[in-house]
Amino acid sequence: MDITVVITSIAVMGIMIALGVFFAFKVVVTAEIKQTLILIVLNIAVPSVILNGVFNTEVSDKLLNQAMIIFGISIIFHLGALLLAWVFTKIFHFESVFAKKMTILAALGNTGFIGIPLCATIFGPVGGLLAAIFDAGLDIILFSVVIYMLQSGRGLNIRQQLKSLVNIPLLAVIIGLTSAFIGFQPPEIIKQLTALLSGLAAPLAMLYLGILVQGLFAKTRFTIYPQIWFPLGIRLIIIPILALLLISLTNLEDLIIHIVIILSAMPTFTLAAILFSRYTGDEETAVMTIAFSTILSLLTIPLISYLSVLWLS
């Protein structure tokens with residue numbers, strides 16, 4: 001992994017977030033505008049990154065093997081991260097409902113909204129595709145274990161969870177890998193379309209995060225809840241370092257190792273705000289954590305990348 005590429009990518013990401021903050025200061029950003037940006041990123045841009053990765057990659061047995069490995073790692077990683085964060089909530093004696101919130105905010109990263117575009121930038125189309133498969137593992141944990149935690153004894157609606165699990169990026173992974181497996185070659189117009197649309201993912205995602213940050217600071221006047229150090233420290237420092245130490249003990253190829261390390265260092269996942277609003281009525285805690293973790297990740301992602309280069313060299 002070229003640390004210079006990582007630092008440059010993160011710097012560009014930070015500039016785009018700053019542009020989003022500036023835009024939100026100048027223009028009244030309504031809930032409809034925010035929702036439109038989310039829909040474009042998640043339902044058009046990110047699926048295009050995934051399909052572009054498939055269309056520009058020779059799908060061999062090696063790639064399919066990489067996909068299965070990184071999906072398995074994702075399931076294990078996210079379950080382990082939830083368990084680790086939950087143990088720390090017990091050590092610091094957080095109350096039951098608050099402990100669940102802190103566990104989720106600390107354990108789960110923004111592997112889709114930020115991780116997929118970033119990996120595509122750093123590692124190319126294959127990186128974006130493998131990052132999407134890693135994110136698919138997060139989706140499974142998110143819409144099963146995490147929703148069950150947030151429902152707090154109200155029962156698990158299996159039908160609703162399955163419905164939530166089916167999303168456009170996940171369908172893009174399935175369609176892309178299936179078409180590659182059967183040897184289907186899409187028309188050139190489709191290849192060009194997905195290549196162009198995939199370029200929207202990173203800019204729009206970063207602009208949206210900038211808008212989110214500005215909205216939070218305008219609302220809270222930079223006040224934070226006292227325990228914010230907990231999800232920030234675990235999500236941005238402890239989990240990435242543990243991931244680095246553990247995965248360095250394996251015989252996995254360098255590409256998978258570096259992708260996992262990068263994705264383990266992502267800030268708190270954006271969907272937390274929506275889930276907390278729906279299941280706990282406490283959107284502000286999630287939004288505050290997302291905003292601060294995203295800002296700090298501009299420093300911690302290059303740091304973790306640099307440590308990984310030193311450790312693995």
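(A) Up close: the layout of surface pockets. Of the voids in this model, the second largest pocket is the one considered here, and its volume is about 340 Å³. Lining the second largest pocket we find 14 residues, and of these Ile76, Phe77, Leu242, Ala243 and Leu246 sit closest to its centre. The set of elements that each furnish at least two residues to the lining of the second largest pocket consists of helix H3 (61-91) and helix H11 (229-247). When residues in the lining of the second largest pocket are grouped by element, the largest group, six residues, is from H3. Each residue belonging to the lining of the second largest pocket can be placed in one class, and the counts come to 12 nonpolar, two polar and no charged.

(B) Highlighting H11. For H11, spanning 19 residues, the distance from its first C-alpha to its last is 26 Å, which sits close to the expected 27 Å at 1.5 Å a residue. Within H11, the axis deviates most sharply at Arg235, by approximately 35°. Within H11 the residues assigned to the buried category are Phe230, Pro231, Leu232, Ile234, Arg235, Leu236, Ile239, Pro240, Ala243, Leu244 and Ile247. Tucked into the core, H11 has its buried residues touching H3, helix H4 (96-107), helix H12 (254-264) and helix H14 (283-312).

(C) Broad picture of the nonpolar core. One finds Ile104, Leu108, Ile133, Met206, Leu209 and Ile262 to be the most contacted residues of the largest nonpolar core, which totals 103 residues. The element best represented in this core is helix H6 (residues 125-151), accounting for 14 residues. For Leu209, the contacting residues outside a window of four places in its chain are Ile17, Phe113, Ile114, Thr270 and Thr294.

(D) Representation of empty space enclosed by the protein within the structure. Tallied over the entire structure, the rule returns one cavity of 30 Å³ or more. Taken as a whole, the largest cavity encloses approximately 40 Å³ of empty space. Along the wall of the largest cavity there are 10 residues; nearest its centre are Ala132, Asp135, Ala136, Pro169 and Leu170. Broken down by secondary-structure element, the contributors of at least two residues to the lining of the largest cavity are H6 and helix H8 (168-181). Per-element tally for the lining of the largest cavity: the top contributor is H6, with four residues.

(E) Spatial organisation of H12. Here H12 lies mainly inside the structure; nine of its 11 residues are buried. Those residues of H12 that fall on the buried side of the exposure criterion are Ile256, Ile257, His258, Ile259, Val260, Ile261, Ile262, Leu263 and Ser264.

(F) The arrangement of the packing of H6 against H8 in detail. Interhelical geometry of H6 versus H8 gives an angle of 125° and a closest axis separation of 10 Å. Relative to H8, the element H6 is oriented oblique. Judged by the sense of rotation from one axis to the other, the crossing of H6 with H8 is left-handed. Only Leu170, Val173 and Leu177 of H8 make contact with H6, whose side of the interface consists of Leu129, Ala132, Ile133 and Ala136. Along the lines of polarity and charge, the residues of the contact of H6 with H8 split into seven nonpolar, no polar and no charged.

(G) Focus on a nonpolar patch on the surface. On the surface, Ile237, Ile241, Leu242, Leu245, Leu246, Leu249, Leu303, Tyr306, Leu307, Leu310, Trp311 and Leu312 cluster together into a nonpolar patch covering about 1,100 Å² of accessible area. Contributions of two or more residues to the nonpolar patch are made by H11 and H14. For the nonpolar patch, the element with the most residues is H14, which contributes six residues. The residue Ile241 is located in helix H11 in this model. A relative accessible area of 32% places Ile241 in the partly exposed class.

(H) Fine view of the packing of aromatic side chains. All chains considered together, the criterion is met by seven aromatic pairs. Between Phe92 and Phe94 the ring centres are 6.3 Å apart and the planes differ by 25°, which places this aromatic pair in the stacked class. We classify Phe92 as partly exposed; its relative accessible area is 39%. Ring centres of Phe94 and Phe230 lie 5.0 Å apart, and the angle between their planes is 80°; this geometry places the pair in the edge-to-face category. Here the residue Phe94 occupies a position in the loop between H3 and H4, and Phe230 occupies one in helix H11, the gap between them amounting to 136 residues. Here Phe94 falls in the buried class, since its relative accessible area comes to 14%. Ring pairing ties together the aromatic residues Phe92, Phe94, Phe98, Trp229 and Phe230, which thus form one cluster.

(I) Region of interest: the environment of Gln151. Its place among the elements puts Gln151 in helix H6. Owing to a relative accessible area of 9%, Gln151 belongs among the buried residues under this scheme.

The rules behind each value
Think of each chain on its own: its residues are numbered from 1, step by step along the sequence as written. Owing to the predicted nature of the model, reporting of local features is limited to residues with pLDDT of at least 70; listing and counting of side-chain atom pairs is limited to 80 or more, with chain, interface and lining totals taken over all residues. Note that the side-chain values use all heavy atoms of the structure and ignore hydrogens as well as water. Every definition here rests on a 1 Å grid over the protein atoms only: cavities are sets of points where a 1.4 Å probe fits but cannot get out, pockets are open sets enclosed by protein on both sides within 12 Å along at least five of seven lines, and lining residues have some atom within 4 Å of a point. Grid points are joined across faces, edges and corners, and a volume is the space filled by probe spheres set on the points. A run of H or I in DSSP counts as a helix once it spans at least four residues, and a run of E counts as a strand once it spans at least two, with each numbered from the N terminus. Under the scheme applied here, ten amino acids are nonpolar (Ala, Val, Leu, Ile, Met, Phe, Trp, Tyr, Cys and Pro), four are charged (Asp, Glu, Lys and Arg), and all others, including Gly, are polar. Expected helix span is given by 1.5 Å per residue-to-residue step, counting one fewer step than there are residues. Bending is quantified residue by residue as the angle between axes fitted to the seven-residue window ending at that residue and the seven-residue window starting at it. Three labels apply to residues, based on accessible area from a 1.4 Å probe with only protein chains included: buried if under 20% of the type maximum, exposed if over 50%, partly exposed otherwise in between. Only heavy atoms enter the contact rule, under which two residues are in contact if any of them lie within 4.5 Å. Here, nonpolar core refers to any group of buried Ala, Val, Leu, Ile, Met, Phe, Trp, Tyr and Cys residues whose side-chain atoms link them within 4.5 Å. Helix axes use the C-alpha atoms of the stretch in contact, all axes being lines fitted to C-alpha atoms, and the angles between their N-to-C directions lie in the range 0 to 180 degrees. Roughly parallel covers angles under 35 degrees, roughly antiparallel covers those over 145, roughly perpendicular covers 65 to 115, and oblique covers all other angles. Should the near helix be turned counterclockwise from the far one by less than a right angle, the crossing is left-handed, whereas a clockwise turn marks it as right-handed. Distance thresholds for patches are 9 Å for like charges and 5 Å for nonpolar side chains (Val, Leu, Ile, Met, Phe, Trp, Tyr), applied to residues having over 30% relative accessible area and no salt bridge. The method behind every accessible area is Shrake-Rupley, applied with a 1.4 Å probe, and residues are considered shielded solely by the protein chains displayed. Salt bridges are defined by distance alone: a side-chain nitrogen of Lys or Arg within 4 Å of a carboxyl oxygen of Asp or Glu. Here a Phe, Tyr or Trp ring, Trp counted by its six-membered ring, pairs with any other such ring whose centre lies within 6.5 Å, and the pair is stacked when the planes are under 30 degrees apart, edge-to-face when over 60, and tilted otherwise.

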